[in-house]
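As a plain string of letters, each chain reads:
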Amino acid sequence: MATITATSSAETIDLFNRYVIPNYKRYPICLVRGEGSYVWDAEGNRYLDFFPGWGCNLLGHCPPPVVEAVQDQVARLIHIPNTWYTEPQGLWAKALSERSFGGQAFFCNSGAEANEAAIKLARLHSQKGKYKIVTFLGGFHGRTMATVTATAQPKYHEGLEPLMPGFVYAPFGDLDAVRRLIDDETCAIMVEPIQGEGGVQIPPQGFLKGLRELCDKHGLLLIFDEVQTGCGRTGKWFAYQHFDVTPDVMTLAKAVCGGLAGAAMLTTPEIAKSLRPGMHASTFGGNCLAARAGVAALEMIESENLLAHAQRLGAIFKKRLEEMRQKHHVIREVRVLGVMIGVELSIDGTAAVQACIDRRLLINCTHGTVLRLLPAMNLTEDQLHQGCDILDAVLAEQGN
Ligand SMILES: *Cc1c(COP(=O)(O)O)cnc(C)c1O
């Protein structure tokens with residue numbers, strides 16, 4: 001049996017230096033075990049994780065119902081091709097459909113792939129050769145050529161030109177700009193209901209509804225990228241449910257399998273017909289393990305009342321962080337919806353992240369100045385306060 005041995009962080013880092021392509025900036029810490037909102041490194045240090053799995057571990061590390069479902073499934077059937085039927089995939093699609101807008105699912109393995117599917121669907125569905133998609137500055141949709149082009153951030157485009165034709169960008173929140181960009185070749189608008197990577201940007205009142213109206217008027221598909229906001233993160237199943245707007249297409253990944261790799265694109269049965277057999281596929285998409293994990297994650301959120309808990313956590317986070325904003329002038333703005341949290345600073349956040357790690361709290365900084373917290377929705381109130389105490393101390397220092 002292949003095993004892992006208890007080596008030091010330094011030994012693992014040496015393996016990476018020799019054998020792993022260095023396309024990520026990594027902290028020099030090797031993590032070996034996780035449970036709920038805690039993770040341990042190879043030296044036995046315990047960290048409180050306010051950014052578990054980059055948003056994927058919405059139920060904490062190794063949530064027991066997901067672990068059990070996967071352990072049961074892995075010994076029965078790991079994967080079969082999509083030329084056969086399997087009950088887990090059917091049940092997973094039903095569970096997602098019933099909690100969203102009653103559509104049908106296409107399964108794949110990552111957020112980029114789910115958005116890639118949505119982009120292809122938008123072109124196929126338009127039927128008249130329309131191909132342009134409006135996306136938003138500061139958005140993030142993935143790293144494949146189409147999705148990185150959809151990602152309207154020049155820093156991710158450098159050196160990759162020519163990009164894929166057909167994407168036009170509007171400022172997030174600016175309906176007039178969107179109106180001006182729509183022409184006879186436009187087939188869709190693609191947007192994150194709350195921009196995640198862009199710094200936890202909550203849309204202005206009426207923006208998403210305005211996009212819905214524009215799509216209805218011009219016959220465009222409204223695509224919501226809920227890869228980061230979906231599956232309970234904001235205290236509702238999907239972020240769109242806060243805004244009283246229903247998309248035509250929704251993409252999910254990150255937390256959708258409770259920490260395993262998996263992704264989905266959902267759409268109405270009528271639009272789904274445009275994804276004709278043979279036009280799109282994913283070998284591992286909807287595999288038995290991802291499907292069982294996906295259903296287990298949804299059921300765990302329900303049986304442990306975690307949507308309500310996430311709303312409660314969000315309210316407490318908001319209160320604690322607003323108190324900090326009163327005290328620490330480096331905090332410009334606090335943005336919170338459920339357990340999706342952005343703390344905008346007036347200074348670069350890199351030093352604050354490092355100071356938190358030194359105190360055994362894991363957080364993230366995005367867009368240079370926004371501290372981003374994507375804690376697990378089953379974080380306890382005690383853990384919330386412990387982490388906020390650390391953040392408070394760190395931000396007190398940053399001000400000097
Ligand atoms: C992370 C993310 C993606 C990309 O997902 P991958 O699984 O890394 O391909 C796409 N859209 C949003 C909103 C994301 O946060």
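In this text, all values refer to a predicted model and were calculated from it rather than measured experimentally.

**Here's the deal with the overall build of the protein chain**
Reasoning step 1: Check the secondary structure of the protein chain and you find twelve helices and 15 strands.
Reasoning step 2: Rg of the C-alpha trace for the protein chain: 21 Å, near the compact-globule value of 21 Å for 400 residues, within the 12% margin.
Reasoning step 3: Counting only C-alpha atoms and orienting by the principal axes, one finds that the protein chain spans roughly 60 × 55 × 45 Å.
Reasoning step 4: Looking at the protein chain as a whole, 54% of its 400 residues are labelled buried.
Reasoning step 5: Counted over contacts in the protein chain with a minimum sequence separation of 6, partners at least 24 positions apart contribute 70%.

**Some points on the nonpolar core**
Reasoning step 1: Counting residues in each nonpolar core, the largest one holds 90 residues, and the members touching the most others are Phe136 and Ile189.
Reasoning step 2: Counting residues per element, this core draws most heavily on helix α9 (residues 288–303), which supplies ten residues.
Reasoning step 3: Viewed by domain, this core spans two of them, domain 1 (47–61 + 305–398) and domain 2 (77–303), each represented by three or more residues.
Reasoning step 4: Beyond its immediate stretch of four places on either side in the chain, Ile189 contacts Val134, Phe136, Val178, Ile182, Leu211, Cys215, Leu220, Leu221, Leu222 and Ile223.

**Here we look at the layout of surface pockets**
Reasoning step 1: When its volume is computed, the second largest pocket comes out at roughly 810 Å³.
Reasoning step 2: Together, 33 residues line the second largest pocket, and Asn82, Gln89, Ala105, Phe106 and Phe107 are the ones closest to its centre.
Reasoning step 3: Those elements that provide at least two residues to the lining of the second largest pocket are α3 (87–99), β4 (104–108), β10 (263–267) and α8 (269–272).
Reasoning step 4: For the lining of the second largest pocket, the element with the most residues is β4, which contributes four residues.
Reasoning step 5: Looking at side-chain class alone, the lining of the second largest pocket contains 17 nonpolar, 14 polar and two charged residues.

**What about the sheet that holds strand β2 (residues 38–41)?**
Reasoning step 1: Strand order in the open sheet formed by four strands is β1-β2-β3-β13, and the pairing between neighbours is mixed. Of all strands in the sheet, those bounded by a partner on one side alone are β1 (31–35) and β13 (361–362).
Reasoning step 2: Both β1 and β2 contribute to a ladder of four bridges, which runs antiparallel. Within the sheet, the bridge partner assigned to Leu31 lies in β2 and is Asp41.

**A closer look at the pattern of salt bridges**
Reasoning step 1: All told, the structure shown has 20 salt bridges when counted by the stated rule.
Reasoning step 2: Note that Lys94 and Glu98 form a salt bridge whose closest N and O atoms lie 3.3 Å from each other. Note that Lys94 and Glu98 are positioned in helix α3 at a spacing of four residues, about one turn of the helix.
Reasoning step 3: Residue classification places Lys94 among the partly exposed residues on the basis of a relative accessible area of 48%.
Reasoning step 4: Linking Arg99 and Glu302 is a salt bridge whose minimum nitrogen-to-oxygen distance equals 2.8 Å.

**Side note on the packing of aromatic side chains**
Reasoning step 1: Under the criterion given, the structure shown has ten aromatic pairs.
Reasoning step 2: When the ring of Phe140 is compared with that of Tyr156, the centres are 5.7 Å apart and the planes differ by 75°; the resulting orientation is edge-to-face. Linking Phe140 in the loop between β5 (132–136) and α5 (145–150) with Tyr156 in the loop between α5 and β6 (167–170), this pair joins segments that are 16 residues apart in sequence. For the pair Phe140 and Tyr156, a shared accessibility class is recorded, and that class is buried.
Reasoning step 3: Each ring, one from Phe172 and one from Phe207, has its centre 5.4 Å from the other, and the planes form 75°; the classification is edge-to-face. Here Phe207 lies in helix α7 (residues 207–218) and Phe172 lies in the loop between β6 and α6 (175–181), a separation of 35 residues in the sequence.
Reasoning step 4: Taken together through their ring pairs, the aromatic side chains of Phe101, Phe238 and Tyr240 make up a single cluster.
Reasoning step 5: Note that Arg33 overlies the ring of Trp40, its terminal NZ or CZ placed 3.9 Å from the centroid.
Reasoning step 6: Directly above the aromatic system of Tyr38 lies the positively charged group of Arg46, at a separation of 3.8 Å from the ring centroid.

**Section: empty space enclosed by the protein**
The rolling of a water-molecule-sized probe over the atoms marks out the regions of remaining empty space.
Reasoning step 1: Applying the stated criterion across every chain, the model contains one cavity of 30 Å³ or more.
Reasoning step 2: A volume near 50 Å³ is recorded for the largest cavity.
Reasoning step 3: Around the largest cavity, the lining residues are Leu58, Leu59, Leu96, Cys231, Ala255, Val256, Gly294, Ala297, Leu298 and Ile301.
Reasoning step 4: Ranked by residues supplied to the lining of the largest cavity, first place goes to α9 with four residues.

**What about the packing of α3 against α9?**
Reasoning step 1: Where α3 meets α9, the closest approach of the two axes is 8 Å, and the angle between their N-to-C directions is 35°. For the element pair α3 and α9, the recorded crossing hand is left-handed. Across the interface between the two elements, Pro88, Gln89, Leu91, Trp92, Ala95, Leu96 and Arg99 from α3 touch Cys288, Ala290, Ala291, Arg292, Gly294, Val295, Leu298 and Glu302 from α9.
Reasoning step 2: When its residues are assigned to classes, the contact of α3 with α9 shows ten nonpolar, two polar and three charged.

**Looking at the packing of helix α2 (residues 64–74) against α9**
Reasoning step 1: Where α2 meets α9, the closest approach of the two axes is 8 Å, and the angle between their N-to-C directions is 150°. What the angle tells us is that α2 and α9 run roughly antiparallel. As for the relative orientation of α2 and α9, their crossing is right-handed in sense. Contacts between α2 and α9 involve Pro65, Val66, Ala69, Val70, Asp72, Gln73 and Val74 from the former and Cys288, Leu289, Arg292, Ala293, Ala296, Ala297 and Met300 from the latter.

Calculation criteria
- Residues numbered from 1 in each chain as written.
- Predicted model: local features only at pLDDT ≥ 70, side-chain atom pairs only at ≥ 80, totals over all residues.
- Heavy atoms only, no water.
- Helix = DSSP H or I, 4+ residues; strand = E, 2+ residues; numbered from the N terminus.
- Rg over C-alpha atoms; globule rule 2.2 N^0.38 Å.
- Buried < 20%, exposed > 50% of the residue type's maximum accessible area, 1.4 Å probe, protein only.
- Contact = heavy atoms within 4.5 Å.
- Core = buried A, V, L, I, M, F, W, Y, C linked by side-chain atoms within 4.5 Å.
- Domains from an automatic or database assignment.
- 1 Å grid on protein atoms, 1.4 Å probe; cavity = no way out; pocket = protein on both sides within 12 Å on 5 of 7 lines; lining within 4 Å.
- Points joined across faces, edges and corners; volume = space filled by probe spheres on them.
- Nonpolar A, V, L, I, M, F, W, Y, C, P; charged D, E, K, R; others polar.
- Pairing = 2+ DSSP bridges.
- Salt bridge = Lys/Arg side-chain N within 4 Å of Asp/Glu carboxyl O.
- Phe/Tyr/Trp six-rings, centres within 6.5 Å; stacked < 30°, edge-to-face > 60°.
- Lys NZ or Arg CZ within 6 Å of the ring centre and 35° of its normal.
- Axes fitted to C-alpha atoms, helices over the stretch in contact; angles between N-to-C directions.
- Left-handed = near helix turned anticlockwise from the far one by under 90°.
- Parallel < 35°, antiparallel > 145°, perpendicular 65-115°, else oblique.

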